Amino acid sequence: MDLDLRRRFYAEELEAVCRLRSSALVDALAAVPRERFLPPGPWTVLVDVASGSGSGIQTRVTADADPARVYHNIGVAIDPSRQLFNGHPGTIAPWIDALDLAQGGRVLHVGCGLGYYTAVLAHAVGSSGRVVAFEADDILANRARANLQSYSQVDARRGDASGELDGQFDAVLVNAGLTHPPDNWLDAVTPGAKLVLPLTGTMAAMGSNIGKGIVLLLTKQDNGDFAVRSLGFAAIYSAIGVRNAEMNDQLGKAMMAGPMRWQGITRLRRDAHEPSESCWLHGATFCLST
């Protein structure tokens, strides 16, 4: 099959299975060459743990370096030696879809890896848009900058986005686990902006690299608070530089209250108030509440 046709089939399969609403996102998935944002093939890909024996990350190596091998809903290693993977499109594409990106949109992307999903974002907002992408890992950040050179609307940076951000954003995509929503990100978005934030807790038995938790979609209201709904459960690499040990403990306890509690989160408050029964995760400058 012609590679362009295979890429279109991959995009339309994701559209159908993930019920994607954005035609611009589907076109981006059909246009961006995933193999250019990966190391040379053959590629190490993730295997569903449920289909094998034992536990932990299981992988296989593709039969050859045919780029068609990566146009499936699979995680592909961007650094096999460190078990770092480019996430499953069937997981990340619905997160991007929830952002309701438009031509000319301004996007903050945190945890861009080698830049594949950054390129998808850039294609979706078009040449009149802007994507500022951060990657905290030096090696990945340098390679992402090289991979994204042809996208004039992308500003790829090395860092954790914890400092002052220049400009305002209409959308934020985070491809790493947080313990809380950073104030500077909440301050940097416009009314109506949407943010996809994975909130994950880590435990000693799991190590600090991978956390498990929930993915939240935040929509900024005119009063500065955020409407919130859950996009589901996720296991994802922990963000570097923006996690907080105390909030990690609080988040773990909040998760132990069960899905009925976190599925009932409806807003993020930023006003000062005393913790109450409606507070699911209460921080010094924010509160996720039911």
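If you're wondering where the values come from, they're calculated on a predicted model, not measured in any experiment.

A word on unusual backbone geometry
A cis amide bond, omega 0°, links Gly41 with the succeeding residue Pro42. Mapped onto the elements of the fold, Pro42 is located in the loop between α2 (23-31) and β1 (44-47). In the Ramachandran plot, Gln83 falls in the positive-phi region, its phi being about 55° despite a non-glycine side chain. Despite not being glycine, Asp100 has its phi angle at roughly 55°, a positive value.

Brief notes about the pattern of salt bridges
Counted according to the given criterion, the structure contains 18 salt bridges. For Arg21, the salt bridge is made with Asp100, and the minimal N-O distance between the two is 2.8 Å. On the criterion of sequence distance, the pair formed by Arg21 in the loop between α1 (3-18) and α2 and Asp100 in the loop between α3 (89-98) and β5 (106-110) is long-range, its members being 79 residues apart. On the basis of relative accessible area, Asp100 is assigned to the partly exposed category, the value being 42%. Here Asp187 makes a salt bridge to Arg270, at a shortest N to O gap of 2.9 Å. Within this pair, whereas Asp187 is found in helix α6 (residues 183-187), its partner Arg270 is found in the loop between β12 (267-269) and β13 (279-282), the two being separated by 83 residues in sequence. A relative accessible area of 45% means that Asp187 is categorised as partly exposed. A single salt-bridge network, built from bridges that share partners, covers Arg21, Asp97, Asp100 and Lys194.

Focus on the confidence of the model for the protein
Should pLDDT be low for a region, the predicted coordinates there are not to be read in detail. Looking at the protein as a whole, the pLDDT averages 92, with 94% of positions reaching at least 70. Taken as a whole, residues 49-54 scores under 50 in pLDDT and shows six contacts with residues more than four places along the chain or in a different chain.

Focus: the sheet that holds strand β9 (residues 189-201)
If you walk across this open sheet you meet the ten strands as β7-β6-β5-β8-β9-β10-β11-β12-β14-β13, and the pairing is mixed. What marks the edges here is a single partner per strand, and that holds for β7 (154-158) and β13. Ignoring strand direction, the axes of neighbouring strands in this sheet form an average angle of 25°. Two strands pair when backbone bridges link them, and strand β10 (residues 210-220) and strand β11 (residues 226-237) are joined in this way by eleven bridges, in the antiparallel orientation. What sits directly across from Lys212, in β11, is Ala235.

Section: the state of the cysteines
The final tally for this structure, using the stated rule, is zero disulfides. Looking at Cys279, it has no disulfide partner, and the nearest cysteine sulfur is the one in Cys287, 3.4 Å off. Judged by relative accessible area, which is 10%, Cys279 ranks as buried.

Comments concerning the environment of Ala133
Within the fold, Ala133 resides in strand β6 (residues 130-135). Given the relative accessible area of 0%, Ala133 is considered buried. The spacing of Ala133 and Gly111 is 22 residues in sequence and 7.5 Å in space, taken between C-alpha atoms. If near-sequence neighbours (up to four positions away) are discounted, Ala133 is found in contact with His109, Cys112, Thr118, Asp155, Ala156 and Arg157.

So, the packing of α3 against helix α4 (residues 116-125)
Relative orientation of the contacting elements α3 and α4 amounts to 35°, with a least axis distance of 12 Å. For the pair α3 and α4, the crossing hand works out as right-handed. Where α3 abuts α4, its residues Pro89, Ile92 and Ile96 lie against Tyr117, Val120 and Leu121. Looking at the contact of α3 with α4, its residues break down into six nonpolar, no polar and no charged.

What counts as what
Residues numbered from 1 in each chain as written. Predicted model: local features only at pLDDT ≥ 70, side-chain atom pairs only at ≥ 80, totals over all residues. Heavy atoms only, no water. Helix = DSSP H or I, 4+ residues; strand = E, 2+ residues; numbered from the N terminus. Salt bridge = Lys/Arg side-chain N within 4 Å of Asp/Glu carboxyl O. Buried < 20%, exposed > 50% of the residue type's maximum accessible area, 1.4 Å probe, protein only. pLDDT = per-residue confidence, 0-100. Contact = heavy atoms within 4.5 Å. Pairing = 2+ DSSP bridges. Axes fitted to C-alpha atoms, helices over the stretch in contact; angles between N-to-C directions. Disulfide = S-S within 2.5 Å. Left-handed = near helix turned anticlockwise from the far one by under 90°. Nonpolar A, V, L, I, M, F, W, Y, C, P; charged D, E, K, R; others polar.

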